[in-house]
Each structure stands twice: as structure tokens, then as C-alpha cells.
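Structural overview
The residues making up each chain are set out below.
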Amino acid sequence: MWTDGACKGNPGPGGWGVLMRYGGHTKELFGGEAVTTNNRMELSAVIRGLESLTRPSRVELHIDSSYVMNGMTKWIHGWKRNGWRTASKQPVKNAELWRELEKLVELHDVHWTWVKGHAGDPGNERADQLANLGVDEIRRS
């Protein structure tokens, strides 16, 4: 699975995209929101990808967002321990999305792989295109 988010303005219209491959099968998902942030779209991409799975799965998740990857692999434990507050005692931004993502990650065997965005990884490039389709769809509606 490759995921990406896009935002035209921050905040502004945004989109998320997901490319999934299993064996010879490919599935593509995208969507967006009229007023959002890039970080919300990065989170939404992973959430939408994982929630589309019909059974517990082993997921190789390729992501170019260090915000989402670090949040799930490093920071979330401290946030929960601190009552969803950061180390500087500020409320965690996008806490409702982090909680949703955490529940979905618990259902699957997720392996996180960071990839550099816009650096030629074909899966990441396609996820980026899908996220931009999400932005385009929102702008048209």
C-alpha cells in the first residue's frame, strides 16, 4: 500500500490517494475535503486505505509523511500517556484522526516504510496523482 495527501493552500482544498497491490490485483482510492490541511490528508489516506481492507492483513505501508509515520511509531504512546497532549502540553492536532488510525492499525500487521516523496518511487508517484485527483474532484464540486 502506498498513500499520499495533497493540499492546495494549507488550509485549503485537499485530497488523499491510496494505491494498493496484492498479487496481480491493483486497487486505487482517492477523495478529498474542501477545507483541510496537508497533515489531515496524509492521515486520511492511511485511514481510508486500511479501512478498505475486508479482513486482517499484513500491510507493507509506503508513506512519504514523516509526520504520520513518526506519529504512529514514536509519538502516539506519549500522547496517550499525557492525555492526548504533546510534550509541550499542547493538545495533539488531529487527535480524532490519530485515534481512528490507531484502531485500524491494531486490526492489521502494518509494516511502515518511509519513502522520499517526488523521488521516482512508482507507487508513491501514483498515490500522489490520486491525491491530486481528490483535490480536483473537490474543486469541481
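Described in the following lines is the structure provided in the data block. Remember, predicted model here, so these are calculated numbers, not experimental data. (Residues numbered from 1 in each chain as written. Predicted model: local features only at pLDDT ≥ 70, side-chain atom pairs only at ≥ 80, totals over all residues. Heavy atoms only, no water.)

**Re the overall build of the protein**
Of regular secondary structure, the protein possesses four helices and five strands. Ordered by position from N to C terminus, the α and β elements of the protein give β-β-β-α-β-α-α-β-α. Relative to the 2.2 N^0.38 estimate, which gives 14 Å for 141 residues, the radius of gyration of the protein is 15 Å and therefore close to what a compact globule would have. Along the first, second and third principal axes, the C-alpha set of the protein runs to 40 × 35 × 30 Å. Residue burial in the protein is summarised as follows: out of 141 residues, 48% are buried. Within the protein, the 17 negative side-chain charges are centred at a point lying 6 Å from the centre of the 19 positive side-chain charges. (Helix = DSSP H or I, 4+ residues; strand = E, 2+ residues; numbered from the N terminus. Rg over C-alpha atoms; globule rule 2.2 N^0.38 Å. Buried < 20%, exposed > 50% of the residue type's maximum accessible area, 1.4 Å probe, protein only. Lys, Arg positive; Asp, Glu negative; His and termini not counted. Charge placed at Lys NZ, Arg CZ, Asp CG, Glu CD.)

**Brief notes about the packing of aromatic side chains**
Scanning the entire structure with this criterion turns up four aromatic pairs. Ring geometry for Trp 75 and Trp 79: centres 6.0 Å apart, planes at 50°, overall tilted. In this pair, Trp 75 and Trp 79 are both assigned in helix α2 (residues 66-81), four residues apart and thus about one turn of the helix distant. Using a relative accessible area of 37% as the deciding quantity, one classes Trp 75 as partly exposed. You can call Trp 79 buried: its relative accessible area is 9%. (Phe/Tyr/Trp six-rings, centres within 6.5 Å; stacked < 30°, edge-to-face > 60°.)

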